[in-house]
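Examining the three-dimensional arrangement
Now for the letters of each chain:
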Amino acid sequence: MRSHFSFEIPFIQNRKFMLGASALLAVLAIVGVLVRGLTFGIEFQGGTEIDFSNTGDITIEQIRGAFGETGEPDVSIQTTSTENEKGFMVRSDITDPTEAAEHAAAVAGKLNLGEESYTVTTIGPDWGADVTRSSAIAFGVAIILIIAYVSIRYEFKMSITAIVALLHDLVITVGVYAWTGMAITPNVVAALLTIMGFSLYDTVVEFNRMDENAKQLKDGVHRTYYQICNFSINEVIVRSINTTITTLVPVVCMLVIGGATLKDFAFAMLIGELLGTYSSFAVASPLLAIWKTRETRWAALEAKYGWKATKVEPVSTEGAE
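Reading the values: the criteria
- Residues numbered from 1 in each chain as written.
- Predicted model: local features only at pLDDT ≥ 70, side-chain atom pairs only at ≥ 80, totals over all residues.
- Heavy atoms only, no water.
- Buried < 20%, exposed > 50% of the residue type's maximum accessible area, 1.4 Å probe, protein only.
- Helix = DSSP H or I, 4+ residues; strand = E, 2+ residues; numbered from the N terminus.
- Pairing = 2+ DSSP bridges.
- Axes fitted to C-alpha atoms, helices over the stretch in contact; angles between N-to-C directions.
- Left-handed = near helix turned anticlockwise from the far one by under 90°.
- Nonpolar A, V, L, I, M, F, W, Y, C, P; charged D, E, K, R; others polar.
- Expected span 1.5 Å × (residues − 1).
- Contact = heavy atoms within 4.5 Å.
- Phe/Tyr/Trp six-rings, centres within 6.5 Å; stacked < 30°, edge-to-face > 60°.
- Core = buried A, V, L, I, M, F, W, Y, C linked by side-chain atoms within 4.5 Å.

Extensive coverage of strand S2 (residues 47-52) is indicated by the burial of five of its six residues. Looking at chain direction, S2 and strand S5 (residues 118-123) are connected through six bridges and run antiparallel. The residue bridging Ile50 from the neighbouring strand is Val120, located in S5. Looking at chain direction, S2 and strand S4 (residues 85-92) are connected through five bridges and run antiparallel. Pairing of Glu49 across the sheet is with Arg91, part of S4.

Written out as structure tokens, the structure reads:
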């Protein structure tokens, strides 16, 4: 039995504001990617990553100068902190393990750091190309399967608007990485794929309720698709919020106390889960309602029973299965 709502949050009445805010965030994300670019981990590009730990008062300029003397003046350097010990993460384009180890040793010697103060990881370009190709295939297959499932289970319009909301979440998440300069690693890609599933879940829950309510259309209650959409969102919004909170708890724990690998995954998941919850009612459902209202049947009902045409009382669904 569904509950009787005496008050509805006006999500759909504010659809222009929500869609405008989402469009603005997406544009800022795209600008970030175009202007600042993305930093990819060596897993994608190939190269060497040298992790210096317990470096004391050594500065980035000293690290860069030491690498410059080895013939690598353009290395990428980031500060790190592990158990309150300062360090540096240095990335270079060298793919020869022997050469990379020699350069790391030379830098450590110049800065009076011991052999135990650094680790060297080198990945060849072929492996990076395989990771990139596999990631692209995974995203492509996931998109196709989502479109197929939602189209078969509900309708094609729902699958397209679900994909738009999903891309909204991914684009903004990637934009955050562009603006912050954080590296995109395979762990981040895994998080993005997980975000796709989370975003789709909330959207499908709303679409399922909208589909059921549209089939039970009754005279005198929610008669337009905008009204059905808004009522359906209100029916499931508490469930969506509860799901988000419970899934964010372990993600925040990983972000706060996890290691570097877990933090890569957790940061992307934190952004994606928040966006996934938001986009389900702020992007996917409003876009679907706008599209559906252009259909002959719903356009006629909107003209006759829309919010501007008449005051509509909340629907009573007592006794409905």
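Having seen the model, we can carry on.
Interhelical geometry of helix H7 (residues 186-215) versus helix H8 (residues 225-257) gives an angle of 145° and a closest axis separation of 8 Å. You can see that H7 and H8 cross each other, and the crossing is right-handed. In the contact of H7 with H8, the residues fall into 11 nonpolar, six polar and five charged.

Taking 1.5 Å of rise per residue, 25 residues should cover 36 Å, and helix H6 (residues 156-180) covers 36 Å from first to last C-alpha, within 8% of that figure. Just past H6, the residue Gly181 takes up positive phi, approximately 80°.

Once that is clear, we can look at the sheet that holds strand S3 (residues 76-82). Taken together, the four strands give an open sheet; going across it, the order is S3-S4-S2-S5, and neighbouring strands pair in antiparallel fashion. Of all strands in the sheet, those with a lone pairing partner are S3 and S5, marking the two edges. Each strand axis lies, on average, 20° off the axis of its neighbour in the sheet, ignoring direction. Sheet strands touched by helix H4 (residues 97-110): S2 and S5. Its angle to S5, the strand with the most contacts, is close to 155°.

As enumerated under the stated definition, the model contains six aromatic pairs in all. An angle of 45° between the planes, with centres 5.9 Å apart, marks the rings of Phe52 and Tyr118 as tilted. Of the two residues, Phe52 is situated in strand S2 and Tyr118 in strand S5; the sequence distance between them amounts to 66 residues. For Tyr118, a relative accessible area of 16% gives the class buried. Arranged with centres 5.1 Å apart and planes meeting at 75°, the rings of Tyr225 and Trp298 form a pair that is edge-to-face. Residue Tyr225 is located in helix H8, and its partner Trp298 is located in helix H10 (residues 296-305); the two are separated by 73 residues in the primary sequence. Like Tyr225, the residue Trp298 is buried in the burial classification. Grouped by ring-pair contacts, the aromatic residues Phe11, Tyr278 and Phe281 constitute a single cluster.

By size, the foremost hydrophobic cluster in this structure holds 52 residues, and its most contacted members are Ile146, Val150, Met158, Phe207, Tyr225 and Phe281. Contributions of two or more residues to this core are made by helix H5 (125-153), H6, H7, H8, helix H9 (260-293) and H10. With 12 residues, the single largest contributor to this core is H9. Apart from residues lying up to four places away in sequence, Met158 is in contact with Val150, Phe207, Asp211, Tyr225 and Leu288. In this structure, Phe52, Phe67, Ile77 and Ala108 belong to the second largest nonpolar core, which totals 16 residues.

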